[in-house]
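Structural overview for review
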Protein chains: 2
Amino acid sequence: MRFHLDSLFNPRSVAVVGASDDPAKLGFHVMKSLVEGGYRGLTWPVNPGRREVMGRPACSSVAQTPHPPDLAILVVPAARVVDQVRMCAQRGVRSIVIISAGFKELDDASGADLQDDVARLATEARIPVVGPNTFGLVNLHAKLNASFTPQFSQLEPGHVTLLSQSGGMSHLLAFLGMGAGVGFSKVVGLGNRCNVEFAHLLEYLVEDPTTRVIAMYVEGLDAPRALLEETRRLRGRKPMVIYKVGKGDVADLASRSHTGSLAGRHELYQGAFRQAGLLTADSAEALLDASVALARCPLPAGRRVAILSGQAGPAVAACDVCEAEGLAVIPFQSTTQEAIDQLLPPLAMRTNPVDMGPAWHDSVAMRAIVQVAMEAPDTDAILLLIMFASANEGVLRALSDLLTPRTPSKPIVACLSAPPGVWERELKDLVRDGALVNYPTPERAARALAFLWSAAGCGR
Amino acid sequence: MRFHLDSLFNPRSVAVVGASDDPAKLGFHVMKSLVEGGYRGLTWPVNPGRREVMGRPACSSVAQTPHPPDLAILVVPAARVVDQVRMCAQRGVRSIVIISAGFKELDDASGADLQDDVARLATEARIPVVGPNTFGLVNLHAKLNASFTPQFSQLEPGHVTLLSQSGGMSHLLAFLGMGAGVGFSKVVGLGNRCNVEFAHLLEYLVEDPTTRVIAMYVEGLDAPRALLEETRRLRGRKPMVIYKVGKGDVADLASRSHTGSLAGRHELYQGAFRQAGLLTADSAEALLDASVALARCPLPAGRRVAILSGQAGPAVAACDVCEAEGLAVIPFQSTTQEAIDQLLPPLAMRTNPVDMGPAWHDSVAMRAIVQVAMEAPDTDAILLLIMFASANEGVLRALSDLLTPRTPSKPIVACLSAPPGVWERELKDLVRDGALVNYPTPERAARALAFLWSAAGCGR
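Residue indices begin from 1 for each chain and proceed along its sequence in written order. For this description, chains carry letters from A and ligands carry numbers from 1, given in the order in which they are written. Per-residue local features are limited, in this predicted model, to residues with pLDDT of at least 70; the limit for side-chain atom pairs, both in listing and counting, is 80 or more; totals at the level of whole chains, interfaces and linings are taken over all residues. Side-chain metrics rest on all non-hydrogen atoms present in the structure, leaving aside hydrogens and water.

1. Brief notes about the pattern of salt bridges
One side-chain nitrogen of Lys or Arg within 4 Å of one carboxyl oxygen of Asp or Glu is enough to make a salt bridge. The tally for this structure, following the rule as stated, stands at 39 salt bridges over all chains. Across the salt bridge formed by Lys 32 of chain A and Glu 36 of chain A, the nearest N and O atoms sit 3.9 Å from each other. Residue Lys 32 of chain A and its partner Glu 36 of chain A are located together in helix 2 (residues 26-36), separated by 4 residues, close to a single helical turn. Here the term buried applies to any residue with accessible area under 20% of the maximum for its type, exposed to any over 50%, and partly exposed to those in between, with areas from a 1.4 Å probe on protein chains only. Judged by relative accessible area, which is 54%, Glu 36 of chain A ranks as exposed. Among the ionic pairs, Arg 444 of chain B bridges to Glu 285 of chain B, the shortest N-O distance being 3.5 Å. Placement of the pair is Arg 444 of chain B in helix 16 (residues 442-455) and Glu 285 of chain B in helix 10 (residues 284-296), with a sequence separation of 159 residues. Each of the two residues, Arg 444 of chain B as well as Glu 285 of chain B, counts as buried. Taken together, the shared-partner salt bridges in this structure form one network comprising Glu 285, Asp 289 and Arg 444 of chain A together with Glu 285, Asp 289 and Arg 444 of chain B. Segments assigned H or I by DSSP are reported as helices when at least four residues long, segments assigned E as strands when at least two residues long, and all are numbered from the N terminus.

Next comes the structure, spelled out in structure tokens:
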């Protein structure tokens with residue numbers, strides 16, 4: 001079954017079934033998200049017991065909205081959801097998000113039966129349903145916050161789209177992203193996956209102009225083959241990164257989707273993911289780190305990394321990661337090396353990695369070294385690692401002058417670290433202007449660069 | 001050779017040899033660190049060409065200071081260091097930090113010769129020397145910032161002491177720590193290790209009342225046996241965590257201390273470290289994460305972890321890490337389980353891990369579940385994972401009421417995550433009051449807990 005998913009993400013009108021003015025109800029928080037998020041389409045609260053909700057006239061049912069809504073968000077008790085879905089189908093609603101819980105995630109069979117009814121009704125009417133048992137979804141580019149968490153609207157619009165089986169993980173990744181200035185296009189909580197699966201969303205997202213990278217958090221898959229086939233089919237269209245949890249026995253049981261599945265299955269999954277062209281992350285942080293680099297950097301043409309570091313230690317730590325991840329930190333060709341030698345005093349680490357430390361007081365030399373690496377034919381990517389010290393305060397200004405504006409041809413992945421409040425504006429500008437991506441540690445920067453190399457299709 | 005190291009960390013007077021008013025000189029930044037850091041002892045700038053530096057009367061040489069300084073910080077060209085050390089010895093200086101570079105880290109032999117001269121002179125005079133080629137050292141509890149980076153004084157005084165072979169890594173860890181509110185006792189850049197080695201500092205630090213955990217960043221070790229013997233001897237006195245880089249061939253060469261050493265040596269080191277009772281971290285972030293938990297949490301009596309989560313996804317991710325790290329996420333005994341069952345509706349995950357999600361709107365129930373786990377005889381540690389959502393905003397207040405003040409008997413390691421600005425004060429209070437430690441992700445929280453278990457001496 002193929003759905004028209006655009007009404008989920010770019011609806012002209014939204015009905016909130018179960019809208020409420022009572023903060024103890026999720027229907028309150030969903031209304032708040034829509035209203036405070038600045039959604040520019042029509043919003044129709046639906047609640048038979050109210051004349052208005054949050055100052056907007058309420059409809060007594062979805063049948064009473066001025067027009068058939070493009071999107072209906074259901075936040076009513078599970079027992080009433082089937083009726084509401086039927087009403088939505090009759091009314092010509094084009095898409096549904098079911099936030100209500102109490103379906104397949106329950107221990108007893110009644111929940112699964114209820115969910116089957118919902119799926120059958122919706123699929124017959126060709127209505128895509130996100131959920132049930134989800135926090136909702138967000139499209140930052142449409143200012144659509146169709147979730148129970150108004151704070152999702154604080155995300156910066158950008159080019160990472162997150163598909164997640166867990167609302168909690170979506171919240172975590174969003175909050176981490178807010179702190180790090182990550183730009184998101186869409187965040188989708190798939191919940192129990194009634195009739196919209198990962199595969200459907202991937203097909204839509206590879207065509208979505210505001211999505212450059214697709215990040216996925218997965219617990220259990222009822223139909224892993226469908227996802228793998230779809231990713232194989234879409235391979236090369238856009239980078240896709242997956243973080244699959246449920247490695248161990250307890251974790252696997254806890255994810256509840258593969259009760260009784262074998263230990264070791266995790267490794268099978270990882271292999272199958274890689275074969276299908278999916279990049280695999282091993283933590284929430286790695287999923288986000290990879291997505292940021294993939295959304296913002298050009299892919300390297302090869303695996304040769306120049307490590308340019310303001311201090312030796314961070315370079316060694318990054319070098320470890322590069323080597324473990326299959327990147328090449330190899331000696332420069334003579335012309336590159338000669339150019340660098342002329343910029344640094346005759347101290348130890350002038351070869352790759354380059355310790356620019358001896359030039360700490362000399363922003364001009366640091367700038368020139370970075371320029372050499374940017375132009376060097378024997379360098380495919382740059383890892384730039386500079387820890388603030390009182391004496392090197394000016395280096396970011398010198399680098400800004402070199403790096404912006406430019407059309408980046410090689411990725412520059414950085415760990416430029418400073419005390420809170422220092423270098424913040426310069427860093428923000430460098431990142432905003434696309435000059436580089438920045439990570440909190442050299443190791444995470446190196447790992448993000450390795451994802452770029454993997455995505456270039458030449459790695460691993 | 002045993003040294004009296006206390007004059008390095010708690011000097012009554014400090015001479016800065018090479019003090020300057022010129023921001024292009026490191027001697028300026030060192031003076032700034034001392035003065036702005038609020039050091040309460042006597043500070044004597046030494047510079048024969050100046051009558052005063054930063055408004056303080058300058059001495060023409062270390063021989064002219066009013067009294068023999070407890071600590072002399074040398075920031076003069078390498079060629080002048082030997083003479084200065086000789087003068088310090090004659091003057092009765094009790095300890096020295098040599099910030100100047102240009103010694104053993106140089107490619108040619110002249111640097112090593114110079115360093116040998118320094119070491120011989122200082123050791124004959126029984127003067128401990130930190131450096132050369134170091135950023136310096138900091139003792140937050142004495143407000144002593146004997147480094148070239150004034151911003152180290154922004155660190156919160158606390159109980160983590162960091163010993164680092166890299167100034168860059170010290171800066172990185174300090175900046176990460178500032179962002180996360182980590183409290184430090186001391187930060188020491190060992191530099192080229194002229195006569196003060198890791199082993200000397202460990203012996204001092206196990207007696208240091210403000211040091212609860214010792215974190216080490218190591219590149220190459222000239223005398224690994226000395227360190228291993230010392231840690232074995234001090235085993236059990238205080239937790240020690242080590243992050244050793246230089247795994248790969250290039251990284252190993254780059255660290256320059258083991259030119260030509262064999263690949264695979266890294267694994268030998270890891271094994272030797274563990275046998276000597278050192279905990280091993282595999283990244284800068286892990287080193288800091290482990291140190292924070294070890295400095296602030298009681299050690300668990302066993303390996304049974306209760307995972308209490310506001311959302312299922314983060315619990316599954318944490319569960320993966322727990323299982324991989326040898327922690328036990330096992331079903332509760334009947335009394336514990338019965339108590340939890342009464343607090344949650346009959347949904348899926350009421351066993352370990354416990355998904356408190358269905359009680360999202362019910363802070364009282366969440367509080368009660370945490371209390372059950374705190375008192376449960378079948379639980380040695382608690383992983384508490386709650387992602388903010390608009391509707392659960394009140395949960396931290398309810399938990400504060402339960403968790404503070406208390407004498408913690410079991411570690412509570414948390415990932416309580418929220419948008420910037422939300423929950424910040426509540427979290428700060430909970431951490432300050434010792435109720436829990438908090439990490440940015442469930443995986444990092446779980447890994448930190450695993451370090452507590454390893455430190456308890458029963459693990460791995």
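2. Here's the deal with the packing of aromatic side chains
Geometry of aromatic contacts follows a simple scheme: Phe, Tyr and Trp rings, the Trp one being its six-membered ring, pair when their centres are within 6.5 Å, and the pair is stacked under 30 degrees between planes, edge-to-face over 60, tilted otherwise. The full count for this structure, using the stated rule, is 12 aromatic pairs over all chains. Judged by centre distance (6.2 Å) and plane angle (55°), the rings of Phe 388 of chain A and Phe 175 of chain B are tilted. Here Phe 175 of chain B lies in helix 5 (residues 167-180) and Phe 388 of chain A lies in the loop between strand 17 (381-387) and helix 14 (395-403), a pairing that spans two chains. When its relative accessible area of 0% is taken as the criterion, Phe 388 of chain A is described as buried. Phe 175 of chain B gets classed as buried once you look at its relative accessible area, which sits at 5%.

3. Re the interface of chain B and chain A
Any two residues whose heavy atoms approach within 4.5 Å are treated as being in contact. In this complex, chain B contributes 67 residues to the contact, which on the side of chain A involves 67 residues. By convention, the term buried area covers the 1.4 Å-probe accessible surface removed from two parts as they join, with the contributions of both added. When the area that chain B buries against chain A is broken down by residue, the three leading residues are Phe 175, Asp 320 and Ser 390 of chain B, summing to 11%. Summed over the shared surface of chain B and chain A, the result is 2 salt bridges. Throughout this description, a polar contact denotes any pair of N or O atoms lying within 3.5 Å of each other; where both atoms belong to protein, one of them has to be capable of donating a hydrogen while the other can accept it, and for residues adjacent in sequence the pair is counted only when both atoms sit in side chains. Across the chain B-chain A interface, the total number found is 12 residue pairs in polar contact (both at pLDDT 80 or more). Within the residue set of the side of chain B that touches chain A, elements represented by two or more residues are helix 2 (26-36), helix 5, helix 8 (249-255), helix 10, helix 11 (312-324), strand 18 (412-417) and helix 16 of chain B.

4. A closer look at the sheet that holds strand 15 (residues 305-309) of chain A
All names here are of chain A. Strand order across the open sheet formed by 5 strands is 16-15-17-18-19, with parallel pairing between neighbours. Because the sheet does not close on itself, it has two edges, and the strands there are strand 16 (354-355) and strand 19 (437-438). Bridge analysis of strand 15 against strand 16 gives 2 bridges, and the strand direction is parallel. Within strand 16, the position partnered with Leu 308 by the bridge is Val 354. Pairs of strands are assigned from DSSP output, requiring at least two bridges between the strands.

5. A word on the relation of the copies chain B and chain A
Aligned on chain A, chain B shows an RMSD of 0.0 Å; the corresponding rotation is 180° and the shift along the axis is 0.0 Å. Taken together, the rotation and translation describe the operation of a two-fold axis. Most of the interface of chain B is mirrored in chain A, where 100% of its interface residues again form contacts. The fit set for superposing copies consists of C-alpha atoms from residues with pLDDT of at least 70 in both; the fit itself is least squares.

6. Digging into the pairing of strand 6 (residues 95-98) of chain A
All names here are of chain A. Taking every second residue as pointing to the same face, both faces of strand 6 are buried, with Ser 95 and Val 97 on one and Ile 96 and Ile 98 on the other. Pairing geometry for strand 5 (residues 71-74) and strand 6, over 4 bridges, is parallel. Bridged to Leu 71 within strand 6 is Ser 95. You can see the chain leave strand 5, run along helix 3 (residues 78-91) and come back into strand 6, and the turn it takes is right-handed. With 2 bridges connecting them, strand 6 and strand 7 (residues 129-130) associate as parallel partners. From the neighbouring strand, Ile 96 faces strand 7, where its bridge partner is Val 129. When the strands point away from the viewer and the connection leading from the first strand across the helix to the second strand turns clockwise, the crossover is called right-handed.

7. Quick notes on the packing of helix 14 of chain A against helix 15 (residues 424-432) of chain A
All names here are of chain A. Interhelical geometry of helix 14 versus helix 15 gives an angle of 15° and a closest axis separation of 10 Å. Taken together, the axes of helix 14 and helix 15 are roughly parallel relative to one another. Handedness of the helix 14/helix 15 crossing: left-handed. Across the interface between the two elements, Leu 396, Arg 397, Ser 400 and Leu 403 from helix 14 touch Glu 426, Leu 427 and Leu 430 from helix 15. Polar here means any residue outside two lists: the nonpolar Ala, Val, Leu, Ile, Met, Phe, Trp, Tyr, Cys and Pro, and the charged Asp, Glu, Lys and Arg; Gly therefore counts as polar. Looking at side-chain class alone, the contact of helix 14 with helix 15 contains 4 nonpolar, 1 polar and 2 charged residues. An axis is simply a line fitted to the C-alpha atoms; with a helix, the fit covers only the stretch in contact. Between two such axes, the angle follows the N-to-C directions and lies from 0 to 180 degrees. Angles are sorted into four bins: roughly parallel if under 35 degrees, roughly antiparallel if over 145, roughly perpendicular if 65 to 115, and oblique for all others. Left-handed describes a crossing in which the near helix is turned anticlockwise from the far one by less than a right angle; the clockwise case is right-handed.

8. Considerations on the sheet that holds strand 1 (residues 13-17) of chain B
The sheet built from 5 strands is open, its strands ordered 2-1-5-6-7 (chain B) with parallel pairing. The sheet is open, and its two borders are formed by strand 2 (42-46) and strand 7 (129-130) of chain B, each paired with just one other strand.

9. As for the packing of helix 11 of chain B against helix 16 of chain B
Residues and elements named next belong to chain B. As a packed pair, helix 11 and helix 16 sit with axes 8 Å apart at the nearest point and diverge in direction by 35°. The way helix 11 lies across helix 16 gives a crossing that is right-handed. Residue-level contacts link Pro 314, Ala 317, Ala 318, Val 321 and Cys 322 of helix 11 to Pro 442, Glu 443, Ala 446 and Arg 447 of helix 16. Taken together, the residues of the contact of helix 11 with helix 16 break down into 7 nonpolar, no polar and 2 charged.

10. Section: helix 5 of chain B
Residue and element names in this part refer to chain B. Here a helix's expected span is defined as the number of its residues, less one, multiplied by 1.5 Å. Its 14 residues place the ends of helix 5 20 Å apart at the C-alpha level, agreeing with the 20 Å of an ideal helix rising 1.5 Å per residue. With 11 of 14 residues buried, helix 5 lies mostly within the body of the structure. The set of residues buried in helix 5 consists of Gly 168, Met 169, Ser 170, His 171, Leu 172, Leu 173, Ala 174, Phe 175, Leu 176, Gly 177 and Met 178. Taking the backbone nitrogen of Gly 168 as reference, a side-chain oxygen 3.1 Å away marks Ser 166 as the first, capping residue of helix 5.

11. What to know about the pairing of strand 9 (residues 144-147) of chain B
All names here are of chain B. The alternating pattern of strand 9 places Leu 144 and Ala 146 and Asn 145 and Ser 147 on opposite faces, both of which are buried. Both strand 8 (residues 136-139) and strand 9 contribute to a ladder of 4 bridges, which runs antiparallel. Each bridged residue has a counterpart across the sheet, and for Leu 137 the counterpart in strand 9 is Ala 146.

12. A word on unusual backbone geometry
Put simply, Gly 131 of chain A and Pro 132 of chain A share a cis peptide bond, and its omega is 0°. Of note, Pro 132 of chain A is situated in the loop between strand 7 and strand 8 (136-139). For Trp 423 of chain A, which is not glycine, the phi torsion reads 65° and is therefore positive. Mapped onto the secondary structure, Trp 423 of chain A falls in the loop between strand 18 (412-417) and helix 15. Residues other than glycine seldom take positive phi values, yet Arg 126 of chain B does so here, at roughly 55°.

13. Points about the side chain of Thr 161 of chain A
All names here are of chain A. When you line up the elements, Thr 161 lands in strand 10 (residues 156-164). Owing to a relative accessible area of 0%, Thr 161 belongs among the buried residues under this scheme. A polar atom in the side chain of Thr 161 sits 3.4 Å from the backbone nitrogen of Lys 186. Among the polar contacts listed, one links the side chain of Thr 161 to the side chain of Thr 211, at a separation of 2.8 Å. Setting aside anything within four residues of it in sequence, one finds Thr 161 in contact with Ser 185, Lys 186, Leu 205, Thr 211, Val 213, Ile 214 and Ala 215.

14. Some remarks on helix 9 (residues 265-275) of chain B
All names here are of chain B. Burial in helix 9 covers these residues: His 266, Tyr 269, Gln 270 and Phe 273. Angular distribution of buried residues about the axis of helix 9 spans 100°; they occupy a single face of the element. The exposed set on the far side of helix 9, more than 90 degrees from its buried face, consists of Glu 267, Leu 268 and Gln 275. The inward-facing, buried residues of helix 9 abut helix 7 (224-234), strand 13 (240-244) and strand 14 (279-280). Backbone geometry just after helix 9 places Gly 277 at a positive phi near 90°. Arc, as used here, means the arc of the directions from the helix axis to the C-beta atoms.

All quantities given are derived from atomic positions and should not be read as evidence of function.
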